[in-house]
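# Report on the structure
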Amino acid sequence: MSTKSKHLKEQLSEEHSFISEVLRAEANAIEAVISSLTSSENVATSWTSSLDLLESCKGHVVFSGMGKSGLIGAKLSATFSSIGQPSHVVHPSEAVHGDLGSIRRDDIIILMSYSGTTDEVVNLAAILKTDDIPTIGISKDDDTPLAKLCTAHLSIGALAEACPLNLAPTATTTATLAIGDALGLALSRRK
């Protein structure tokens, strides 16, 4: 084997190892959510409360989040529409600057922010609480400002991102996506 071929093989092996680590981190994030659901009565109750709210929805399920959470919300809205639940997305900044009219009293709003402190999402949650519009929050734990403002809350748990610098949302967005998919499919099963 030539030196060049050997170097390429080592490089590919290193890349494949890194790719495996990323996928493992994201799989571990989902496993952590599963573990919390099956090991905590409070977590199980939060899921049931969230599903009860969704089942009672006579309007749209509206998703809202900033940045990557907002993109996850767009995908989840499409999933909910696919299962026959009317759904749309509202950007939290635009909501507080004139787009609140796209949210109606019969809607259920799912607000997503891993930190639970994103100003735009927390501000929208406060407005919706004042207007008595039911909300489901998804954030890292039940002590976040977002969790405290929502009618029901689902905790993602403390997760490390797959990103070596812990900057790019990866494991947290994977967990949020999985939580949303599970909510949608559980709602579909109920209906």
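This text goes with the structure placed above it.
Residues numbered from 1 in each chain as written. Predicted model: local features only at pLDDT ≥ 70, side-chain atom pairs only at ≥ 80, totals over all residues. Heavy atoms only, no water.

This part takes up the pairing of strand E4 (residues 135-139). A large share of E4 lies buried, amounting to 5 of its 5 residues. Neither face of E4 is left uncovered, since the one carrying Thr135, Gly137 and Ser139 and the one carrying Ile136 and Ile138 both have all their residues buried. Two strands pair when backbone bridges link them, and strand E3 (residues 108-112) and E4 are joined in this way by 4 bridges, in the parallel orientation. Looking across to E4, one finds that methionine 112 is bridged to isoleucine 138. For the handedness criterion, the β-α-β arrangement of E3, helix H5 (residues 119-130) and E4 is classed as right-handed. (Buried < 20%, exposed > 50% of the residue type's maximum accessible area, 1.4 Å probe, protein only. Helix = DSSP H or I, 4+ residues; strand = E, 2+ residues; numbered from the N terminus. Pairing = 2+ DSSP bridges. Right-handed = clockwise from strand over helix to strand, strands pointing away.)

What follows is about a nonpolar patch on the surface. There is a patch of nonpolar side chains on the surface, built from Phe18, Ile19 and Leu23 and spanning about 290 Å² of accessible area. Within the secondary structure, leucine 23 sits in helix H1 (residues 3-39). (Patch = residues over 30% accessible without salt bridge, like charges linked within 9 Å, V, L, I, M, F, W, Y side chains within 5 Å. Areas by Shrake-Rupley, 256 points an atom, 1.4 Å probe, with all protein chains shown as cover. Salt bridge = Lys/Arg side-chain N within 4 Å of Asp/Glu carboxyl O.)

Over its 20 residues, helix H7 (residues 171-190) runs 28 Å from end to end, which matches the ideal 28 Å to within 8%, given 1.5 Å per residue. Those residues of H7 not exposed but buried are Ala171, Thr172, Thr173, Thr174, Ala175, Thr176, Ile179, Gly180, Leu183, Gly184 and Leu187. (Expected span 1.5 Å × (residues − 1).)

It is worth spelling out unusual backbone geometry at this point. Phi is positive for aspartate 132, close to 55 degrees, though the residue is something other than glycine. By secondary structure assignment, the location of aspartate 132 is in the loop between H5 and E4. Backbone geometry places asparagine 166, a non-glycine residue, at a positive phi of 55 degrees. Positionally, asparagine 166 belongs in the loop between strand E5 (152-155) and H7. Judged by relative accessible area, asparagine 166 falls into the partly exposed class, the value being 46%.

It is worth stressing that arrangement in space is one thing and function is another; only the former is reported here.
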